[in-house]
Amino acid sequence: MHLIYLRHGERSGHPTPADDDLTPHGLAMAAEAGRWLGAHGHTPSHIWPTATRRARQTADAVAAAAGPPPGSTILPPRARTPGSTDALLTLTLDARDRLGDDAILCLVGHHTTQRVVEKLTPTDWRPPPNNRCAAFVFRVTAAGELVPLEPFAGVPQRSRPA
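Residues numbered from 1 in each chain as written. Predicted model: local features only at pLDDT ≥ 70, side-chain atom pairs only at ≥ 80, totals over all residues. Heavy atoms only, no water.

**So, the overall build of the protein chain**
Thought 1: The secondary structure content of the protein chain amounts to four helices and eight strands.
Thought 2: Secondary structure elements in the protein chain, listed N-terminal to C-terminal, are β-α-β-α-β-α-β-α-β-β-β-β.
Thought 3: As presented, the protein chain carries roughly 7,600 Å² of accessible surface, and 54% of it is formed by carbon and sulfur atoms. (Helix = DSSP H or I, 4+ residues; strand = E, 2+ residues; numbered from the N terminus. Areas by Shrake-Rupley, 256 points an atom, 1.4 Å probe, with all protein chains shown as cover.)

**Re the environment of G144**
Thought 1: In this fold, G144 is placed in the loop between β6 (135-140) and β7 (146-152).
Thought 2: The exposure class of G144 is buried, given its relative accessible area of 5%.
Thought 3: Sequence separation between G144 and T92 is 52 residues, and the spatial gap between their C-alpha atoms is 8.5 Å.
Thought 4: The residues contacting G144, other than those within four sequence positions of it, are L89, L93 and R96. (Buried < 20%, exposed > 50% of the residue type's maximum accessible area, 1.4 Å probe, protein only. Contact = heavy atoms within 4.5 Å.)

**Some words on helix α4 (residues 111-118)**
Thought 1: All of the buried residues in α4 are T113, Q114, V116, V117 and E118.
Thought 2: Tucked inside the fold, the buried residues of α4 contact β1 (2-7), α3 (85-99) and β6.

**Description of a negative patch on the surface**
Thought 1: On the surface, D94, D97, D101 and D102 cluster together into a patch of negative charge.
Thought 2: Overall, D97 belongs to the exposed group, its relative accessible area being 62%. (Patch = residues over 30% accessible without salt bridge, like charges linked within 9 Å, V, L, I, M, F, W, Y side chains within 5 Å. Salt bridge = Lys/Arg side-chain N within 4 Å of Asp/Glu carboxyl O. Lys, Arg positive; Asp, Glu negative; His and termini not counted. Charge placed at Lys NZ, Arg CZ, Asp CG, Glu CD.)

**Details of the pattern of salt bridges**
Pairing between side chains of opposite charge can happen when the charged atoms of each approach one another.
Thought 1: Using the criterion set out here, one finds three salt bridges in the structure.
Thought 2: The shortest N-O distance in the salt bridge between D20 and R11 comes to 2.4 Å.
Thought 3: When the shortest N-O distance is used, the salt bridge between R35 and E32 registers 3.2 Å. Pair noted here: R35 and E32 are both in helix α1 (residues 24-39), with a separation of three residues, about one helical turn.
Thought 4: Take E32: its relative accessible area is 34%, and that puts it in the partly exposed class.

**Points about helix α2 (residues 53-66)**
Thought 1: In a regular helix each residue adds 1.5 Å, so 14 residues correspond to 20 Å; α2 covers 20 Å between its end C-alpha atoms and thus fits that length.
Thought 2: Along α2, the positions that sit buried rather than exposed are R54, A55, T58, A59, A61, V62, A63 and A66.
Thought 3: On its buried side, α2 packs onto β1, α1, β2 (46-49), β3 (73-74) and β4 (104-109).
Thought 4: Of the residues flanking the end of α2, it is G67, one or two places downstream, whose phi is positive at about 70 degrees. (Expected span 1.5 Å × (residues − 1).)

**Topic: the nonpolar core**
Thought 1: Counting 21 residues, the largest nonpolar core has I4, L6, I47 and V108 as the members making the most contacts within it.
Thought 2: Broken down by secondary-structure element, the contributors of at least two residues to this core are β1, α1, α2, β4 and β6.
Thought 3: Not counting chain neighbours up to four residues away, the residues in contact with I47 comprise A59, V62, A63, S72, T73, I74, L75, C106 and V108.
Thought 4: Listed in part, the 19 residues of the second largest apolar core include L3, L88, A134 and V140. (Core = buried A, V, L, I, M, F, W, Y, C linked by side-chain atoms within 4.5 Å.)

**Some remarks on the packing of aromatic side chains**
Thought 1: Summed over the entire model, instances satisfying the criterion amount to one aromatic pair.
Thought 2: For the cation-ring pair, R98 lies above W48, with the distance from its terminal atom to the ring centre recorded as 5.4 Å. (Phe/Tyr/Trp six-rings, centres within 6.5 Å; stacked < 30°, edge-to-face > 60°. Lys NZ or Arg CZ within 6 Å of the ring centre and 35° of its normal.)

**Brief notes about the environment of T50**
Thought 1: Looking at where T50 falls in the secondary structure, it is placed in the loop between β2 and α2.
Thought 2: In this structure T50 comes out as buried when scored by relative accessible area, which is 3%.
Thought 3: For T50 and R78, which are 28 residues apart along the polypeptide, the C-alpha to C-alpha distance reads 4.8 Å.
Thought 4: A polar atom in the side chain of T50 sits 3.3 Å from the side chain of T52. (Polar contact = N/O pair within 3.5 Å; in protein donor to acceptor, adjacent residues only side chain to side chain.)

Right under this line is the structure:
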């Protein structure tokens, strides 16, 4: 199985973060990440966003842009974002058991999980701090280890007017 961790696109700044939509630039960021994944042979078979609106919008844009084959199934939102490497690994292995070894699973999440994922990757993979939709691609071994394969640095967030 391959695991892709993708941070959501630029958000609008809604006072209730769970209701935050992506900005038009955020939608373009997600589409660019989807095109990159498709062009590099990482078209997700399954996309699993968190329950926030911005994560679901990112998942939809990635699925549309990554394109077939085989197309992506968007799974029902997960309630929690993995906050530790152990939690991420447990989530990944559970998903592998459900989806099979041939699955390419894309988790769409937030900066908290991005920090966890960065602990598992080479230092030179780190995207600039203002980049969104950074993707990290891993191979999940039979022994349950995450082996880093390829990074996508994401797309810079626009500076917001003061």
